[in-house]
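Examining the three-dimensional arrangement
These are the residues of each chain, in order.
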Amino acid sequence: MFDLSSRQKAVWECLKGPHAQDFLTVIPIEGLGQCVSAVEYRAIIKYRLMIPLYPEDETCPICHKAGMDKYGEHAVHCKELPGFKYRHDWVRDVLWDIQRRAGISAKKEAHVNFLTDPMEGRSTLRPADLLVFGWARGTHACVDLTGVSPLVGLKDNVFVAEQASGKAESKKVDKHAKACAENQHVFVPFAFDTFGSLAPEAIQFLTRVQRVIHNNSSASGGRGFVFGRLGFAIQKRVAV
């Protein structure tokens, strides 16, 4: 027997999260972006197995606010690094493509003229990541994606598996659900973490998309296609 460190215990719990392992079932298909280089694959495996990615801790050269820890945790959630926004947009694009192939009408970066930060007013007006037409009994749905690191509270010894994505989901609801309802739209928060675990609303959304694909296809296999492809997209951009 051996003792696990607090980080090892936390990562172990993250790897058991909902759909965190789905990317492993994906068949390599270059046309769907389901291929990674040897360098990217090594980065993914090292991150998930707690193998150091950097020789030693050093200050982040971009934000200058935190250390670039050797396990790469800061690198995957530093908002100043280009990879943070790139990962968000990549996952959004893959989710849109999944819906397109399912025959679900949706638009990326749709200007709906009411999504804003309630505390700051219209100065923060922003488009919906995805606008899904007629999603809920003819009502359009605004889907807002957010990716988080599940290990943020680890240093404070307050780590709880799936807590980060759950909090991110709740914050999105508090910020945008009321405005959507007042403008006859449904709000769907889509939160995921860097290990590929999904928050409840995201799981519910993808489950329905998967059902649409299954109902429109004569093939009996491929029921995990939606979750696998999205999980692969998350992991691929974690490696960037």
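Details of the structure are given in the entry above.
The following refers to the structure shown.

Criteria and cut-off values
Residues numbered from 1 in each chain as written. Predicted model: local features only at pLDDT ≥ 70, side-chain atom pairs only at ≥ 80, totals over all residues. Heavy atoms only, no water. Helix = DSSP H or I, 4+ residues; strand = E, 2+ residues; numbered from the N terminus. Buried < 20%, exposed > 50% of the residue type's maximum accessible area, 1.4 Å probe, protein only. Contact = heavy atoms within 4.5 Å. Areas by Shrake-Rupley, 256 points an atom, 1.4 Å probe, with all protein chains shown as cover. Axes fitted to C-alpha atoms, helices over the stretch in contact; angles between N-to-C directions. Parallel < 35°, antiparallel > 145°, perpendicular 65-115°, else oblique. Nonpolar A, V, L, I, M, F, W, Y, C, P; charged D, E, K, R; others polar. Expected span 1.5 Å × (residues − 1). Arc of directions from axis to C-beta. Pairing = 2+ DSSP bridges. Polar contact = N/O pair within 3.5 Å; in protein donor to acceptor, adjacent residues only side chain to side chain. Salt bridge = Lys/Arg side-chain N within 4 Å of Asp/Glu carboxyl O.

Considerations on the overall build of the protein
Check the secondary structure of the protein and you find 7 helices and 6 strands. Going residue by residue from the N terminus, the α and β elements of the protein occur as α-α-β-β-α-α-β-β-β-α-β-α-α. When burial is assessed residue by residue, the protein has 45% of its 240 residues classed as buried. Within the protein, residue pairs in contact and separated by at least 24 positions form 59% of the contacts whose partners lie at least 6 positions apart. Roughly 13,100 Å² of accessible area belongs to the protein as shown, and the carbon and sulfur atoms make up 55% of that amount.

Overview of the packing of helix α6 (residues 200-216) against helix α7 (residues 225-238)
When two helices pack together, you describe them by how their axes are tilted relative to each other and by the distance separating the axes. Packing of α6 against α7 leaves a shortest axis separation of 8 Å and a crossing angle of 130 degrees. By the angle class used here, α6 and α7 are oblique. On α7, the residues touching Ile203, Leu206, Thr207, Val209, Gln210 and Ile213 of α6 are Phe225, Val226, Phe227 and Leu230. Residues of the contact of α6 with α7, tallied by class, amount to 8 nonpolar, 2 polar and no charged.

Thoughts on α6
The end-to-end C-alpha distance of α6 is 25 Å, a good match for the 24 Å that 17 residues give at a rise of 1.5 Å each. Within the span of α6, buried status applies to Ala202, Phe205, Leu206, Val209, Gln210 and Ile213. Looking straight down α6, one finds its buried side chains confined to an arc of 135 degrees; they lie on one side. Exposed side of α6, more than 90 degrees from the buried face: Pro200, Gln204 and Asn215 are the residues found there.

Re the side chain of Arg87
With respect to the helices and strands, the residue Arg87 is situated in helix α4 (residues 82-102). What makes Arg87 buried here is its relative accessible area of 5%. If we skip the residues at most four places from it in the chain, Arg87 touches Val76, His77, Thr194, Ile234, Arg237 and Val238.

A closer look at the pairing of strand β5 (residues 139-148)
Across the 10 residues of β5, 8 count as buried, placing the element largely inside the fold. Pairing between strand β4 (residues 128-136) and β5: 4 bridges, direction antiparallel. Across the sheet, Ala136 pairs through a bridge with Thr139, a residue of β5. A loop of 2 residues connects β4 with β5, the two strands running antiparallel in sequence, and Arg137 in this loop sits at a positive phi of about 55 degrees.

Quick look at the side chain of His185
Mapped onto the fold, His185 is located in the loop between α5 (163-182) and β6 (186-193). Of the polar contacts made by the side chain of His185, one reaches the backbone oxygen of Asn183; its length is 2.7 Å. Each residue touching His185, except ones within four places of it in the same chain, is listed here: Phe114, Leu131, Thr139, His140, Cys142 and Cys180.

A closer look at the pairing of β4
For a regular strand, the rule is simple: side chains alternate between the two faces of the sheet. Summarising the sheet, strand β3 (residues 106-110) and β4 pair through 4 bridges and their orientation is antiparallel. For Lys108, the partnering residue across the bridge sits in β4 and is Leu130.

Focus on the pattern of salt bridges
Close approach of charged atoms allows side chains with opposite charge to pair. Using the criterion set out here, one finds 11 salt bridges in the structure. For the salt bridge of Asp97 with Arg229, the shortest nitrogen-to-oxygen distance reads 2.8 Å. Placement of Asp97 in helix α4 and of Arg229 in helix α7 is noted, with a sequence separation of 132 residues between them. Comparing Asp97 with Arg229 shows no difference in burial state: the two are buried.

Remember, this is a structural readout, not a statement about activity or role.
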